[in-house]
Amino acid sequence: MVHVGSLVQFSGHQHLRQRLVLSILSGKHVRIDKIRSEDKNPGLRDFEISLLRLLEKVTNGTIIEISVTGTAILLKPGIISGGTVTHECPLSRAIGYYLEPIIMLAPFSKRPLQLTLKGITTDENDLSVDLLRTVTLPYLQPFGISDGLELRIKKRGAPPAGGGEVQFLCPIIKQVKTLNFVEPGKIKRIRGIAHAVRVNPQFSNRMIEASRSVLNRYIPDIYLYSDVYKGDESGKSPGYALSLLAESSTAAIHCAEAVSKAGVAPEDIGLEATRALIAEVNKGGCVDRKHQILVLLMMVLGSEDVGRCRMGEPTPRTIQFLRDVKNFFGTSFKVVAADPSDLECSHLLYSCYGTGYVNANRTLA
Amino acid sequence: MDDRPHKAHRPATSGGKVDKKEKGKGKEKQHGFNEKAFAPKSGRRADRQGRRNVERDQTRLHVPLVNRTPDDQPPPVIVAIVGPPGVGKTTLLKSLVRRYTKQTLTEAKGPITVVSGKKRRLTFVECNNDLNSMIDIGKIADLVLLMIDGSFGFEMETFEFLNILQSHGFPKVIGILTHLDLIKKAATLRDSKKALKKRFWTEIYQGAKLFYLSGVLNGRYPDTEIMNLSRFISVMKFRPLIFRNAHSYVLADRLEDLTPRELIRTSKGKCDRTVTVYGYVRGTNLRLGTKVHIPGVGDLEMKGVTLLGDPCPMPDADSEKRRKLSEKKKLLIHAPMSDVGGVMYDKDAVWVNVPGNFTRGNEDVVQGEGEQMVMDLQDVGSTLEDAVAKSQIRLFGDSSKSLTVDPSSSADVEIESDDDEDDNDEGDEDDSGIESGADNDNNDEVDEEDRPPGPRSTGRSNRRDITRSIPSSSKTQRAEVEYAESDSELGDDDALEQGGRMRLNDDDADHDIPSDDDEGEAGDEMSDEEDESAPRWKKNLAERAQANLSSSRKLRRKDWTKLIYSTSLSPEEILRDKPREESLGDEMDEDDFFQIKKGEAGDEEILDSSKDPLDAEELKRWEDEDMLESIRHLFITGEAGAEAEGEGEENNGDDEEFGDIGEDLEGDDEIESPKQAPKSDSETSRAAALAAKKEALKRKFDEQYDDPEASKLDFYEEKKDEMARQLALNRSEFEGIDAESRTLVEGFRPGHYVRIELADVPCELIENFDPTYPIVVGGLLPAEERFGYIQVRIKRHRWFTKTLKNNDPLILSLGWRRFQTVPIYSLDDHSIRMRMLKYTPEHMHCYATFYGPVSLPNTGFCAFNSLLGESPGFRVSATGVVLDIDRSVKIVKKIKLTGVPYKIFKNTAFIKDMFSSALEVAKFEGANIRTVSGIRGQVKKAMPKPDGAFRATFEDKILKSDIVFLRAWYSVQPRKFYNPVTSLLLSDKEHWTGMRLTGQVRREQGLKTPLNVNSTYKPIERPPRRFNPLIVPKKLQASLPYASKPKLMVPQRNQTYMQKRAVVMEPDEKKAVALLQQIRALRKDQVARRKEKKEEKNAVRQKKLQKEEALKSEKEKEKRKDYMRVAGQKSKREADIEEGRGRSKRRKT
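Cut-offs applied
- Starting afresh in each chain, residues are numbered from 1 along the sequence in its written order.
- Here the convention is simple: chains get letters from A, ligands get numbers from 1, in the order in which they are written.
- Totals for whole chains, interfaces and linings use every residue, but because this is a predicted model, local features are given only for residues with pLDDT of at least 70 and side-chain atom pairs only at 80 or more, for both listing and counting.
- Only hydrogens and water are set aside; all other atoms, that is, all heavy atoms of the structure, feed into the side-chain values.
- UniProt positions are given in the numbering used here, feature names are shortened, and annotations may be inferred rather than shown by experiment.
- Think of it this way: any DSSP run of H or I at least four residues long counts as a helix, any run of E at least two long counts as a strand, and we number them from the N terminus.
- Computed by Shrake-Rupley with a 1.4 Å probe, the accessible areas treat only the displayed protein chains as cover when residues are assessed.
- Only protein chains enter the accessibility calculation, which uses a 1.4 Å probe; a residue whose area is less than 20% of its type maximum is buried, one above 50% is exposed, and one in between is partly exposed.
- The contact rule is simple, with two residues in contact once any of their heavy atoms fall within 4.5 Å.
- For two strands to count as paired, DSSP must find a minimum of two bridges between them.
- Geometry is summarised by axes, namely lines fitted to C-alpha atoms with helices restricted to the contacting stretch, and by angles between N-to-C directions that run from 0 to 180 degrees.
- Salt bridge, as used here, is a side-chain nitrogen of Lys or Arg placed within 4 Å of a carboxyl oxygen of Asp or Glu.
- Throughout, the term roughly parallel applies to angles under 35 degrees, roughly antiparallel to angles over 145, roughly perpendicular to angles from 65 to 115, and oblique to all others.
- It is the rotation of the near helix from the far one that decides the hand of a crossing: anticlockwise by less than a right angle makes it left-handed, clockwise makes it right-handed.
- Residue classes follow a fixed rule: Ala, Val, Leu, Ile, Met, Phe, Trp, Tyr, Cys and Pro count as nonpolar, while Asp, Glu, Lys and Arg count as charged, and any other residue, Gly among them, counts as polar.
- Values labelled buried area give the accessible surface lost by two parts on being combined, using a 1.4 Å probe and summing over both.
- As used here, the term nonpolar core means buried Ala, Val, Leu, Ile, Met, Phe, Trp, Tyr and Cys residues forming a set that is joined through side-chain atoms within 4.5 Å.
- Classification of ring pairs rests on two measures: the distance between centres of Phe, Tyr or Trp rings, Trp counted by its six-membered ring, which must be within 6.5 Å, and the angle between planes, read as stacked under 30 degrees, edge-to-face over 60 and tilted in between.
- By definition here, charges over rings are those cases where NZ of Lys or CZ of Arg is within 6 Å of the ring centre and within 35 degrees of the ring normal.
- Helix span is expected to be 1.5 Å times the residue number reduced by one.
- A patch is a set of surface residues, each over 30% in relative accessible area and not in a salt bridge, joined within 9 Å for like charges and within 5 Å for the nonpolar side chains Val, Leu, Ile, Met, Phe, Trp and Tyr.
- Neither His nor the chain ends contribute to the count of charged residues, in which Lys and Arg are positive and Asp and Glu negative.
- Where a charge lies is defined by one atom per residue type: Lys uses NZ, Arg uses CZ, Asp uses CG and Glu uses CD.

By the naming in an unreviewed UniProt entry, chain B is GTP binding protein, taken from Collybia nuda. Taken verbatim from the UniProt record of chain B, the Sequence similarities (unreviewed entry) comment is "Belongs to the TRAFAC class translation factor GTPase superfamily. Bms1-like GTPase family. BMS1 subfamily."

Per an unreviewed UniProt entry, chain A goes by RNA 3'-terminal phosphate cyclase/enolpyruvate transferase and derives from Collybia nuda. A UniProt comment under Subcellular location (unreviewed entry) is attached to chain A, and it reads "Nucleus, Nucleolus". Within the UniProt record for chain A, the comment given under Sequence similarities (unreviewed entry) is "Belongs to the RNA 3'-terminal cyclase family. Type 2 subfamily."

The following block contains the structure:
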């Protein structure tokens, strides 16, 4: 007996992660074609394949069919099983690429997830593990996902050779709480982590100094940690980076980071990160631009009540995500200006009616 | 003597009586509150009383549940009337309907909705005796009127129904005893009432309401009794049930087939149908894009949902002022499947019933819906021919009679066809077509914009103000809720439609669309302006559009919702403001036939990453000191306005308390936040904000100062408060926006009357439609559309007589669904493994795993072996709850592999016959084995020679005769069998048969059970084992110590003296012996005679007993006869009811 679930179709390689996540959460089959079909090197890349393998590991009963050319995939999602999983990430993308979708799925699994990922911990393209630990995970707290939520950075690994290792622990929940987050508040503290592996440990201090030169004017509550990993824990390649976050009085977090580049002084990296943070703070809202999707997804999955959140303008990814959510869950958001009276304010109020998503995978008794 | 007045009483002024009174007066004198009267006399009692009060307080508390049904405009309460046939369900239904609407139903079929009070409507459903109907009704009923024949007692169906209710969430139940007039004796009546009440209370709860209805008058129950019942119904409060609070559902009160007739004809009625069902949304919001399940039919896709006008609306605002419901409102009844109001909606026709004489003249008589319809039909002025002549339909593309109708005549058509919806639509379209012909090139857009509203186009051709009220929302709403492709004026039009009159809305709803439509629209309106007959507001529109274009783009606010959801722009295009003109140009080019294929060059750079690449330009800005200073107000130390600082200071102090404050802010500022926004610099607003803040602080202080305990709520109150706040937010958030976009965001709220269009419905539903079987449209959660292995905790019902066997099909009622599946029963074996069971255990829960549609954990279910009415005994075979959902199962059963040793050394033995190949042995190397006698061992290595033989070691030497076995576990998979109970598709709805048992099939086909010779039972032959005598060698014996020597004695061979001797008696002795012999003989004879006598007596007694027995059996027979007589009467009554004679017959008995 074959039961054909409703199928959702997409084309193009963009937004692959969010589509896979939505498919697994909603249980709808997804078919994505024309993946780089016009490219010289058509089809799925190694990191995408690896992501699919990871998703297969954390789920039970998932069927993934990849066409011969690799330009089309069909995903028939199973249930999210969780448990202890280890995965070796290819070096083309950092661990953040793999961890982001997993963070969205893990609270809805059958058993608490214990995922060990090995690869690059910080690079230019993806969120570093520091930001995931200090910013992404706190964003889950208002949704009721907090106890036992942890990201341990066992080893750091800078590109190109990697060699880092993180352990992600996630509890399971029955239902996501409804978010009502409309007060952005004011920035009350700034934290940061500067790390340097296989380079002079003074580099991190230099970054901190540069950053403080700008930030000290605003508030006194600034702590920038220098995090130096040595020996085996420092991975295989040299590198350093500064990640900063600014937390507001209502627990809204904004973050930025900058990663070492060849021929650039650590001071410049520090300043770059600082300015990026200031730019991010200036954009305002209750949610960082990098985490709009995560927050919106959790709002969609909330109980059948109205959830509200105030954010800045959506990123292109967010817009596509909102459209995809409508395809998968049938939920559309009401997006209006947060301050109708103030024309200068670009903040928007996103409100939606939650789907009442209940973690059906959870075992009773 | 009579007329003489009596002497008045003269009270005594002295004597004993007076003294007594005087004395008593002093005692009575005590007034006011006597403190001692209510004070506890003993401390222990006070303590006990205190405890009791606290305990009683706790019973008041229930787990706080969110009620998703709105308080204003709730859906009608479903009142189900359930009971065995002949108990008087229809009579009660008619009586109740008569009570509420003063109308007598001749035929009550399907749900009947009436208005019962100012804030309540009721939907009555009669449940027939089919188990399928009872299951469906049990899942949706808010209140069950459980009817019990007082003269007969409870029937099995009643108990079955109660068990169904229990597993699907218990609604309120009121018991109703009928036929009490049949019990003549008062004492019997009292006793039977008491007995029934006791039984009812044990089933529901102690003190459950049980109503007594006496006889039937004029085919109805007595009015006073019905009134009492209706009062009970009207004050009933309902607690939300968890399953219904998570699912939306509709009880269909009407069903229509929309399939094209031609398709039905060509497929001989066998094609899948498109069906619409109508009903009130209940439970939670009904969302588009989800699937629905109709129990008895299957999972269906909702093609569209339309909001319709309420056919049985609640009393509106003006009648609200009155305390009681007005008489006019009382007449409202909505029962499309019954023949009420002269209209009956059949499956493919509408019957208008005109009772008695019917004249058009008398307007004072209230006319039913149907009569009005007939009169409207009579009112039509022009014939169809005229209409055709006037219409602008062109039959052929090249027909010479082209449509050169002047605008005035087209306007005429419109005005005439005002009351006819279809005509109106046609006219509109054509009208706009003509106009656009005169217009400039972008006629497509004009067409699209003009399509929806009727009023607007009429407004264009003549200047009259549109104040026509909407006939009902059902007519003006479009058939499907859909996004118009870049139909920018959608919202505006709707506003006009809803309001029924124009208004110049200068809010941002209209001038917000940065899409290419704006320009087109503007152009369109400019051209409109040239038109002489354009109304004033139109001109204004154009001006506004102009103003918009000229105004700076920066200040223009985008309508993000529309841009995201109803345009086809790519995300980047939405975000980029400037290149809109370019995209516009592109869009214009689309008309060209050939297009240069755009290379997706930009795609490759876009990485799928949530971190944006750092923009150097953007960062450069922040090198400037002024820029850095400009954002100082975003930090708590910043000084931007007085109130901001105040907030900062406040927040600075309590670091860990900020969450608390955040919550406070949310709570208080919901309404005030727009005002409080510290954006505008005007003094007044700042002052107002400050005042509001002060006010809040003062309130908080007052609260804490006056009663510090009061502000601290206990957990229960806190939760309830939280829920209330969330519900208020739910209501207020989407209050302002128009209905269509509101339904898009939140779906159809409970209480809405909707029309659901279902695609691909099996044709049997329509062909075998019977309104007495309820059609429930149950909404499914996304998880419930999937399939998987479901693990449940199950317990056989203790009234079900048979045990349940593993792998036997079972019919489950789980969630909305009823389906047959094949469960595997199991028990947890020491938390190591799930071990399969052959049968369900007695009086114990076990697990069952089956394949089927997923239901959320914690959903209750009940199971049946058969749903047929004629299956004897109690039909609910098991009940349980869902525990787990998975895609694979791990259930094992035990398997024992046996082998025999063929060569034994000391602790080593070679075993054969356990495996058949060396490979198998290799898989089991190291496995534990055991002999029957309990000697444990291990599989070592395969032997080369006999296939499957292996070497094993044991803890002791085993015997050649020992059987060696290996205990292993074999995993079992449930069969992937899911068979929905499609009872609604059958013509004979009560006789659905699913998969049968093998035995049933054999019995029905007359086949014999195949007999395997090896499986027959044979008497076990155990030949006695012979053991050789133990021989200890002589040599060894000699060397043994005495204690260990075998003490073997040869038996004596020659006779002993006692055996050999002969005895000769003395004469005296002889005599004595002879005498003894004689005495013994006498005694023997005596005993024999006595025995004979006793037997005789016994025989007599037996005869007597037999006689008594015969008498007893006679009595028994009489009793049985009596019972059968009653049963016969009952069945006759049923037959009578089926024939339609009903009550009249009944009363004679």
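That covers the picture; the talk isn't over yet.
**Quick look at the overall build of chain B**
Helix and strand counts for chain B stand at 39 helices and 31 strands. Taken as a whole, chain B presents about 71700 Å² of accessible surface, with 53% of it coming from carbon and sulfur.

**Quick notes on the overall build of chain A**
Along the backbone of chain A there are 8 helices and 18 strands. By residue count, 67% of the 365 residues in chain A fall in the buried class. Pairs at least 24 residues apart make up 73% of the contacts formed inside chain A by residues separated by at least 6 positions. When the accessible surface of chain A is totalled, it reaches about 11900 Å², and 48% of it is carbon and sulfur.

**Looking at the sheet that holds strand β9 (residues 150-155) of chain A**
Residues and elements named next belong to chain A. Here 4 strands make up an open sheet; going across it, the order is β7-β8-β10-β9 and the pairing mixed. Here the strands that pair on one side only, and so sit at the sheet edges, are β7 (82-88) and β9. Averaged over all neighbouring strand pairs, the angle between strand axes comes to 10 degrees, with direction disregarded. In the packing of helix α2 (residues 46-58) onto the sheet, the strands contacted are β7 and β8 (111-119), and the crossing angle to β7 comes to about 160 degrees. Contacting β9 and β10 (164-170), helix α4 (residues 129-139) crosses the sheet at an angle of about 165 degrees to β9.

**Considering unusual backbone geometry**
Going from Pro 159 of chain A to Pro 160 of chain A, the amide bond is cis rather than trans, its omega being 5 degrees. Mapped onto the secondary structure, Pro 160 of chain A falls in the loop between β9 and β10. Positive phi values are uncommon outside glycine, yet Lys 102 of chain B reaches one of about 60 degrees. Looking at the secondary structure, you find Lys 102 of chain B in the loop between α4 (89-101) and β2 (112-115). Positive phi outside glycine occurs at His 843 of chain B, with the angle close to 50 degrees. As for its position among the elements, His 843 of chain B is in the loop between β21 (833-836) and β22 (846-853).

**A word on the pattern of salt bridges**
Note that side chains of opposite charge can pair when their charged atoms are close. Under the criterion given, the structure shown has 57 salt bridges over all chains. Asp 608 of chain B is the salt-bridge partner of Arg 17 of chain A, the closest N and O atoms lying 3.4 Å from each other. On the criterion of chain membership, the pair formed by Arg 17 of chain A in helix α1 (residues 16-26) and Asp 608 of chain B in the loop between α25 (580-589) and α26 (616-620) is interchain, its members lying in two chains. The class of Asp 608 of chain B is buried, set by a relative accessible area of 9%.

**Some details on the packing of α1 of chain A against α2 of chain A**
Residues and elements named next belong to chain A. Two numbers describe how α1 lies on α2: the axes approach to 12 Å, and their chain directions differ by 20 degrees. Taken together, α1 and α2 sit at an angle that is classed as roughly parallel. Judged by the sense of rotation from one axis to the other, the crossing of α1 with α2 is right-handed. Between α1 and α2, the residues in contact are Leu 16, Arg 17, Leu 20 and Ile 24 and Glu 48, Leu 51, Leu 52 and Leu 55, respectively. The class makeup of the residues in the contact of α1 with α2 is 6 nonpolar, no polar and 2 charged.

**A word on the interface of chain B and chain A**
Accessible area lost on assembly of the parts is the figure often given for the size of an interface. Facing the 88 residues of chain B at the interface are 101 residues of chain A. Between chain B and chain A, roughly 8700 Å² of surface is buried when both sides are summed, and carbon and sulfur atoms account for 54% of that area. Across the chain B-chain A interface, the total number found is 11 salt bridges. Linking Glu 733 of chain B and Lys 334 of chain A is a salt bridge whose minimum nitrogen-to-oxygen distance equals 3.5 Å. Residue composition of the side of chain B that touches chain A, by class: 41 nonpolar, 16 polar and 31 charged.

**Re the sheet that holds strand β2 (residues 29-33) of chain A**
Residue and element names in this part refer to chain A. Read from one edge of the open sheet, 4 strands run β1-β2-β5-β4, paired in mixed fashion. Two strands in the sheet have a free side with no partner beyond their single neighbour: β1 (7-11) and β4 (63-66). Adjacent strand axes in the sheet meet at a mean angle of 10 degrees, parallel and antiparallel pairs treated alike. One ladder, built from 4 bridges, connects β4 with strand β5 (residues 73-76); its direction is antiparallel.

**Details of the nonpolar core**
Ranked by internal contacts, the top residues of the largest apolar core, which has 94 residues, are Leu 25, Leu 99, Phe 168 and Phe 333 of chain A. In this structure Leu 25 of chain A touches Ile 80, Met 104, Leu 105, Phe 108, Leu 297, Leu 301, Phe 329 and Tyr 357 of chain A, once residues within four positions along its chain are discounted. Within the second largest apolar cluster, 42 residues are counted, among which are Cys 127, Ile 140, Phe 200 and Trp 816 of chain B.

**Focus: the packing of aromatic side chains**
Residue and element names in this part refer to chain B. This structure, assessed with the given rule, holds 24 aromatic pairs over all chains. Taken together, a centroid distance of 5.4 Å and an interplanar angle of 55 degrees make the contact between Tyr 249 and Trp 816 tilted. Of the two residues, Tyr 249 is situated in strand β7 (residues 248-251) and Trp 816 in the loop between β18 (810-814) and β19 (817-821); the sequence distance between them amounts to 567 residues. In this pair, the class of Tyr 249 matches that of Trp 816, namely buried. Grouping aromatic residues by their ring pairs yields a cluster made of Phe 787, Tyr 789, Phe 819, Phe 850, Tyr 851 and Tyr 978. The ring of Tyr 212 carries Lys 193 above its face, with NZ or CZ at 4.4 Å from the centroid. Geometry around Phe 965 places Lys 896 over its ring, the cationic atom sitting 4.7 Å from the centre.

**Some remarks on helix α7 (residues 186-203) of chain B**
The α-helix advances 3.6 residues per turn, and as a result positions three or four apart in sequence lie on the same side. Look at α7 of chain B: 26 Å from first C-alpha to last across 18 residues, which is about the 26 Å you get at 1.5 Å a residue. On its buried side, α7 of chain B packs onto β4 (143-149), α6 (156-167), β5 (172-178) and β6 (210-212) of chain B.

**Focus on the pairing of strand β9 (residues 273-283) of chain B**
Residues and elements named next belong to chain B. For β9, the buried fraction is high: 11 of the 11 residues fall into the buried class. Where β7 meets β9, 3 bridges bridge the pair, whose relative direction is antiparallel. Among the inter-strand pairings, Val 250 is bridged to a residue of β9, identified as Val 281. The sheet contact formed by strand β8 (residues 254-257) and β9 spans 4 bridges and is antiparallel. Residue pairing across strands places Leu 255 opposite Val 277, the latter belonging to β9. In this sheet, strand β15 (residues 753-761) lies alongside β9 in antiparallel orientation, the contact comprising 7 bridges. For Val 275, the partnering residue across the bridge sits in β15 and is Leu 758.

**So, the side chain of Asn 132 of chain B**
For Asn 132 of chain B, the position within the fold is in helix α5 (residues 131-140). Here Asn 132 of chain B is in contact with Arg 818, Leu 867, Val 981, Ser 983 and Lys 989 of chain B, once residues within four sequence places are set aside.

**Observations concerning a negative patch on the surface**
Taken together, the side chains of Asp 714, Glu 717, Glu 718, Asp 721 and Glu 722 of chain B make up a negatively charged region of the molecular surface. Along the chain, the position of Glu 718 of chain B falls in helix α31 (residues 715-733).

**Overview of a positive patch on the surface**
Together, Lys 41, Arg 44, Arg 45 and Arg 48 of chain B give the surface a local cluster of positive charge. Position of Lys 41 of chain B relative to the elements: it lies in the loop between α2 (35-38) and α3 (43-60).

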